[in-house]
Amino acid sequence: MERVSVAMHDRVLVVDADEWTVREALDGHRTECVASSPDGAFVLCGTYDAGLFRSTDAGETWERVPDLADESVTAVAVAPDGTAWAGTEPSAVYRSDDRGRTWTHCEG
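Here the structure is a predicted model, which means the values were calculated and not measured.

(A) Region of the structure containing the overall build of the protein chain. Secondary structure assignment for the protein chain yields zero helices and 11 strands. Counting from the amino terminus, the protein chain carries its helices and strands in the arrangement β-β-β-β-β-β-β-β-β-β-β. For 108 residues, the compact-globule formula gives about 13 Å, and the C-alpha radius of gyration of the protein chain, at 13 Å, lands near that figure. A burial count over the protein chain gives 42% of its 108 residues as buried. In the protein chain, the proportion of contacts linking residues at least 24 apart, taken out of those at least 6 apart, comes to 28%. Element-wise, carbon and sulfur atoms account for 49% of the exposed surface of the protein chain, whose accessible area totals about 5,900 Å².

Here you go:
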């Protein structure tokens, strides 16, 4: 199944390209960015008002990431090997090696 997640100003749109359906997620949050693993199963969404959210089922369900719950997450990226990165405001960078379950602050 081809699925794409798109960060809008106040929600995430999850588009199922096989069925041409669109579903809203994280409605009401100030979404800033979204990134997914190459297979699309692991998705991250950064919000300015509620930290970081992750999905491990291609955007069907979302959970708030406790390690970054109090941060304004303005950038996310997922490397082909599954390593994830999150950038915050004020400026800081975090790294996850376990598909976004836990995060470590990267020193400057």
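That shown, we press on.
(B) The side chain of Ser37, seen in detail. For Ser37, the position within the fold is in the loop between strand S4 (31-36) and strand S5 (43-47). Relative accessible area serves as the criterion here: at 4%, Ser37 is assigned to the buried category. A distance of 2.5 Å separates a polar atom in the side chain of Ser37 from a polar atom in the side chain of Asp39.

(C) Summary view of the sheet that holds strand S10 (residues 92-96). Judged by pairing direction, the sheet is antiparallel, and its four strands sit side by side in the order S8-S9-S10-S11 without closing on themselves. Sheet topology places strand S8 (72-78) and strand S11 (104-106) at the edges, where each strand pairs with a single neighbour. This sheet shows a mean twist of 30° between the axes of neighbouring strands, independent of strand direction. One ladder, built from five bridges, connects strand S9 (residues 84-89) with S10; its direction is antiparallel. Looking at the pairing, Gly87 lines up with Val93 of S10.

(D) Representation of the side chain of Thr83 in the model. Among the structural elements, Thr83 can be located in the loop between S8 and S9. Take Thr83: its relative accessible area is 8%, and that puts it in the buried class. A distance of 2.9 Å separates polar atoms of two side chains, one belonging to Thr83 and the other to Asp81. For Thr83, the contacting residues outside a window of four places in its chain are Ala77, Val78, Arg95, Ser96 and Asp97.

Definitions and cut-offs
Sequence positions are assigned chain by chain, starting from 1 and proceeding in written order. pLDDT decides what is reported in this predicted model: residues at 70 or higher carry local features, side-chain atom pairs at 80 or more are listed and counted, and totals for whole chains, interfaces and linings draw on all residues regardless. As a rule here, side-chain values come from all non-hydrogen atoms in the structure, and water together with hydrogens is ignored. Per the convention used, a helix needs a DSSP run of H or I reaching at least four residues, while a strand needs a run of E reaching at least two, with both numbered from the N terminus. C-alpha atoms define the radius of gyration in this analysis, and the globule rule sets the expected value at 2.2 Å times the number of residues to the power 0.38. Burial here depends on accessible area, computed with a 1.4 Å probe over protein chains only, as a share of the maximum for the residue type. Under 20% is buried, over 50% is exposed, and the range in between is partly exposed. For this analysis, residues touch if any pair of their heavy atoms sits within 4.5 Å. Calculation of accessible area relied on Shrake-Rupley with a 1.4 Å probe; when residues are assessed, cover is drawn exclusively from the protein chains displayed. Definition of a polar contact: a pair of N or O atoms within 3.5 Å, with one able to donate and the other able to accept a hydrogen when the atoms are protein atoms, and with sequence-neighbouring residues admitted only if both atoms are side-chain atoms. A strand pair is defined by DSSP finding two or more bridges across the two strands. The axes used here are C-alpha line fits, helices contributing only the stretch in contact, and every angle between their N-to-C directions lies in the interval 0 to 180 degrees.

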